Amino acid sequence: DEKPDDPGRTDTIMVASWDMSDQQVSVVSIPRDTMVSIPGRTGYHRINAAHVFGGPELTLKTLSEFLGIPLQYYVKVNFEGFKQIVDTLGGVTINVEKPMDYDDYAQDLHIHLEPGVQRLNGEQALGYVRFRHDGLGDVALVDESRPIYDGRIDRQQKFVKALIKEVLQPKTLTK
């Protein structure tokens, strides 16, 4: 959510690990409101504030200390870059699981998606991954008898899987 005079807070944080021996990639999402100790700051803050205090480098250092693992690299994508990636691929096909209808005029955020399998363009995809106005927030346990979760993080992970599938298509490798 960067602005011209403000580096902004991170909207989404994902940590990826690639096991080269078996060629497996694992991705863990960190909820943006996770309370952490940010190096150089007193007390606890939401992890998404690390970017405001020190950009991606401080965010990486904070995550590394929080998770107790060394993190060496990062990828930073703003909202416009996200839309451009999706549009360059010609969209991403995903099953929108529920109606998503939300307007936030202050942020110029307008999400209007109907349920069903569809090919989302960049603007629609950004709305899909940012939507959190369904009472579930970032993460929610929706079935206690089976550990089934829902919410914005679940949608984001679902989208990343669909994006990777799209990127690995022979027709999009050159894009």
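Residues numbered from 1 in each chain as written. Predicted model: local features only at pLDDT ≥ 70, side-chain atom pairs only at ≥ 80, totals over all residues. Heavy atoms only, no water.

Participant: What am I meant to see in the pairing of strand β6 (residues 100-104) here?
Facilitator: Remember that side chains alternate between the two faces of the sheet whenever the strand is regular. On β6, burial follows the alternation: Met100, Tyr102 and Asp104 on one face are buried, whereas Asp101 and Asp103 on the facing-out side are not. Pairing analysis gives five bridges linking β6 to strand β7 (residues 109-113), with the strands arranged antiparallel. Residue Met100 lies in a different strand from β7, and its bridge partner there is Leu113. Remark: four residues form the turn of the hairpin made by β6 and β7, two consecutive strands paired antiparallel; Asp108 in that turn has positive phi of roughly 55°. (Buried < 20%, exposed > 50% of the residue type's maximum accessible area, 1.4 Å probe, protein only. Helix = DSSP H or I, 4+ residues; strand = E, 2+ residues; numbered from the N terminus. Pairing = 2+ DSSP bridges.)

Participant: Is there a simple way to think about empty space enclosed by the protein in this case?
Facilitator: Empty space among the atoms becomes visible once a probe the size of a water molecule is rolled across them. Tallying each qualifying case throughout the model produces one cavity of 30 Å³ or more. Of the volumes computed, that of the largest cavity is approximately 40 Å³. Asp11, Thr12, Ile13, Ser29, Ile30, Pro31, Arg32, Asp138, Arg152, Ile153 and Gln156 together form the lining of the largest cavity. Secondary structure elements with two or more residues in the lining of the largest cavity: β2 (24-30) and α4 (152-167). When residues of the lining of the largest cavity are assigned to their parent elements, the largest contribution, three residues, is made by α4. Residues of the lining of the largest cavity, tallied by class, amount to four nonpolar, three polar and four charged. (1 Å grid on protein atoms, 1.4 Å probe; cavity = no way out; pocket = protein on both sides within 12 Å on 5 of 7 lines; lining within 4 Å. Points joined across faces, edges and corners; volume = space filled by probe spheres on them. Nonpolar A, V, L, I, M, F, W, Y, C, P; charged D, E, K, R; others polar.)

Participant: What is the right way to read the pattern of salt bridges from this model?
Facilitator: Opposite charge on two side chains allows them to pair when their charged atoms are near. All told, the structure shown has seven salt bridges when counted by the stated rule. For Arg46, the salt bridge identified is with Asp33, shortest N-O distance 3.3 Å. With Arg46 in strand β4 (residues 44-46) and Asp33 in the loop between β2 and β3 (35-37), this pair connects stretches of sequence that are 13 residues apart. A relative accessible area of 38% means that Asp33 is categorised as partly exposed. A salt bridge links Arg119 to Glu166, with the nearest nitrogen and oxygen atoms 2.8 Å apart. Taken together, the positions of Arg119 in strand β8 (residues 116-120) and Glu166 in helix α4 put the pair 47 residues apart, joining distant regions of the chain. Of the residues examined, Glu166 reaches a relative accessible area of 8% and is grouped as buried. A cluster of three or more residues bridged by salt bridges with shared partners is formed by Asp11, Arg32 and Arg152. (Salt bridge = Lys/Arg side-chain N within 4 Å of Asp/Glu carboxyl O.)

Participant: Would you mind going over a nonpolar patch on the surface with me for this structure?
Facilitator: On the surface, Trp18, Met20, Val25 and Val27 cluster together into a nonpolar patch covering about 430 Å² of accessible area. Here Val27 shows up in strand β2. (Patch = residues over 30% accessible without salt bridge, like charges linked within 9 Å, V, L, I, M, F, W, Y side chains within 5 Å. Areas by Shrake-Rupley, 256 points an atom, 1.4 Å probe, with all protein chains shown as cover.)

Participant: What should I look at first to understand unusual backbone geometry in this one?
Facilitator: Leaving glycine aside, a negative phi is the common case for residues, and trans is the common case for peptide bonds. Here Gln23, not a glycine, exhibits a phi torsion of approximately 55°, which is positive. In this fold, Gln23 is placed in the loop between β1 (13-19) and β2. One non-glycine residue, Asp108, lies in positive phi territory at about 55°. Within the secondary structure, Asp108 is located in the loop between β6 and β7.

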